[in-house]
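# Fold and contact review
The lines below spell out each chain.
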Amino acid sequence: MTLPSRIAVVGLGLIGGSMALALKDRHSVVAHDPDLETCEAANALGIPTIHLSGAVKDAGLVILASPVRSLALAGLKAAPHLRKGAVITDVGSSKSEVVQDLEAHLPPHCMYVGGHPMAGSEKSGFRAARPDLFRGSCWVITPTGKTHPRCVEVVLSLVKELGAKPVFMSVAEHDRLVALVSHLPYLLSAALTRTVLDASRVYPEAAAVASAGFRDMTRLAACDPTMASDFCVSNKDFIMDALNMFLQHFREAASALQDDGGSLRPLLLEAKHFRDSLAVEKGW
């Protein structure tokens, strides 16, 4: 199935902006963003930006790309202006609240399915957007019993055109797994960064000796804290489950340190083997 001739992107941050940049040369793309500077930057790159109602009213595909805790509100504001048969999807990094709200309140003449491109960066905003952001990445689609098959077909076409790999999951499965591989790593990165910040008040040399390992472990701490706070709060139950799993392994490692490292090596070896297998599978 080909994509609709007109596509609206609501929200021009890193994800929405990258979509608009990737699609604009082959489709009629129009966007909406509340930030004037963002709109000016998008206009300069050939992405027309207008008010929300005008952006969505004739669109066959509407992509909601606002911060996760405002996605449902963006959808509800767009709802009165959506045309019959329009396909709606979102890019939120947690799905439960968003899917529940949008399925309950979008008009019945539209079709909706949740989605989440597993691509991104510690950088944020339209100026960090790039058209190849999604190439080779995983894109989760979360249909429910209410999802129309044609809606899934359209979103599949979007995913494939952007060069991503579609993966189907339930809403709950998505949120549980993303808590493990995305949200928990962010919180750990932030906690490690704050630990060294505290130490640097006593030992100013701490920052001076920080090198590649610390850089790589703390990259996620550079994410926009407002956006990160939103996705963490919206997925807090599954994040707490993931955090408890992590603490169990961390306590195991701490205990192993007490016996001169004899029981620590097998734990580290297990981690290395799994990480090496991921590197081969994913080309890291």
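Residues numbered from 1 in each chain as written. Predicted model: local features only at pLDDT ≥ 70, side-chain atom pairs only at ≥ 80, totals over all residues. Heavy atoms only, no water.

## Observations concerning helix α11 (residues 236-256)
Inclusion rule: Each helix corresponds to a stretch of at least 4 residues labelled H or I by DSSP, and each strand to a stretch of at least 2 residues labelled E; elements are numbered beginning at the N terminus. Multiply 1.5 Å by the residue count of a helix minus one, and that product is the helix's expected span. To sort residues, take the accessible area from a 1.4 Å probe on protein chains only and compare it with the maximum for the residue type: under 20% means buried, over 50% means exposed, and anything in between is partly exposed. Taken from the helix axis, the directions to the C-beta atoms give the arc we talk about.
Across its 21 residues, α11 extends 30 Å between first and last C-alpha, which sits within 8% of the 30 Å expected from 1.5 Å per residue. Looking at α11, one finds that the buried residues are Phe 238, Ile 239, Ala 242 and Ala 256. Projected onto a plane normal to the axis of α11, the buried residues spread over an arc of 95 degrees and lie on a single side. Counted as exposed and oriented over 90 degrees from the buried face of α11: Lys 236, Asp 237, Gln 248 and Arg 251.

## So, the environment of Val 10
Structurally, Val 10 is set in strand β1 (residues 6-10). Between the C-alpha atom of Val 10 and that of Cys 223, which follows or precedes it by 213 residues, the distance is 21 Å.

## Notes on the pattern of salt bridges
The criterion, for reference: One side-chain nitrogen of Lys or Arg within 4 Å of one carboxyl oxygen of Asp or Glu is enough to make a salt bridge.
This structure, assessed with the given rule, holds nine salt bridges. In this structure, Glu 161 and Arg 26 form a salt bridge, with 2.9 Å as the shortest nitrogen-oxygen distance. Of this pair, Glu 161 sits in helix α6 (residues 149-161) while Arg 26 is found in the loop between α1 (14-23) and β2 (28-32), placing the two residues 135 residues apart along the sequence. We note a salt bridge from Arg 176 to Asp 241, for which the minimum N-O separation is 3.7 Å. Of the two residues, Arg 176 sits in helix α7 (residues 171-202) while Asp 241 sits in helix α11, which places them 65 residues apart along the sequence. Note on Asp 241: relative accessible area 36%, which makes it partly exposed.

## Concerning α7
Selection criterion: Values of bend correspond, residue by residue, to the angle between axes fitted over the seven residues ending at that residue and the seven starting there. Only heavy atoms enter the contact rule, under which two residues are in contact if any of them lie within 4.5 Å.
An ideal rise of 1.5 Å per residue puts 46 Å on 32 residues; α7 measures up with 45 Å between its terminal C-alpha atoms. At Ala 179, α7 shows its largest bend, some 50 degrees. Among the residues of α7, those classed as buried are Val 171, His 174, Asp 175, Val 178, Ala 179, His 183, Leu 184, Tyr 186, Ser 189 and Ala 190. Elements in contact with the buried residues of α7: α5 (96-105), β5 (111-118), β6 (138-142), α9 (212-217), α10 (225-234) and α11.

## A few points about the sheet that holds β5
The cut-off we apply is this: Strand pairing is defined by DSSP finding a minimum of two bridges between the two strands. Simply put, an axis is a line fit to the C-alpha atoms, just over the touching stretch for a helix, and the angle between two N-to-C directions goes from 0 to 180 degrees.
One open sheet holds the seven strands; their spatial order is β2-β1-β3-β4-β5-β6-β7, and the pairing between them is mixed. A single partner strand is all that each edge strand has here, and the edge strands are β2 and β7 (165-168). Averaged over all pairs of adjacent strands, the angle between strand axes in this sheet comes to 25 degrees, irrespective of strand direction. When strand β3 (residues 61-64) meets strand β4 (residues 87-90), the two strands line up parallel, connected through four bridges. Pairing of Leu 64 across the sheet is with Asp 90, part of β4. Relative to β5, α7 is tilted by about 20 degrees, and along the sheet it contacts β5 and β6.

## With respect to the state of the cysteines
By definition, a disulfide links the sulfur atoms of two cysteines through a covalent bond. Defined as follows: Note on terminology: disulfide denotes any pair of cysteine sulfur atoms within 2.5 Å.
Tallying each qualifying case throughout the model produces zero disulfides. Cys 110 takes part in no disulfide bond, and the closest cysteine sulfur to it belongs to Cys 151, at a distance of 9.8 Å. Here Cys 110 falls in the buried class, since its relative accessible area comes to 12%. Cysteine Cys 232 shares no disulfide, and the gap to the nearest cysteine sulfur, in Cys 223, comes to 9.6 Å. Judged by relative accessible area, Cys 232 falls into the buried class, the value being 12%.

## What about the packing of aromatic side chains?
Any two aromatic rings considered together are summarised by their centre-to-centre distance and by the angle between their planes. The line we're drawing: Here is the rule: rings of Phe, Tyr and Trp (six-membered ring for Trp) pair when centre to centre is within 6.5 Å. Planes less than 30 degrees apart are stacked, more than 60 are edge-to-face, and the remainder are tilted.
Tallied over the full model, the rule gives three aromatic pairs. Residues Tyr 186 and Phe 231 carry aromatic rings whose centres are separated by 5.9 Å and whose planes lie at 75 degrees to one another, so their mutual orientation is edge-to-face. Pair noted here: Tyr 186 is in helix α7 and Phe 231 is in helix α10, with a separation of 45 residues, a long-range link. Like Phe 231, Tyr 186 is buried. Their ring planes at 35 degrees and their centres at 5.7 Å tell us that Phe 246 and Phe 250 sit as a pair that is tilted. Linking Phe 246 with Phe 250, this pair stays in helix α11, spanning four residues, or about one helical turn. The class of Phe 246 is partly exposed, set by a relative accessible area of 28%.

## So, a nonpolar patch on the surface
The cut-off we apply is this: Nonpolar side chains (Val, Leu, Ile, Met, Phe, Trp, Tyr) are joined into patches within 5 Å and like charges within 9 Å, using only residues with over 30% relative accessible area and no salt bridge. Per-residue and other accessible areas follow the Shrake-Rupley method at a 1.4 Å probe size, with only the shown protein chains counted as cover for residues.
Together, Leu 177, Leu 180, Val 181 and Met 245 make up an exposed nonpolar region whose accessible area comes to about 330 Å². Here the nonpolar patch takes three residues from α7, the largest share from any one element. Turning to its location among the elements, Met 245 is positioned in helix α11. We classify Met 245 as partly exposed; its relative accessible area is 44%.

Note that every value here comes from positions in space, so none of it alone points to a role or purpose.
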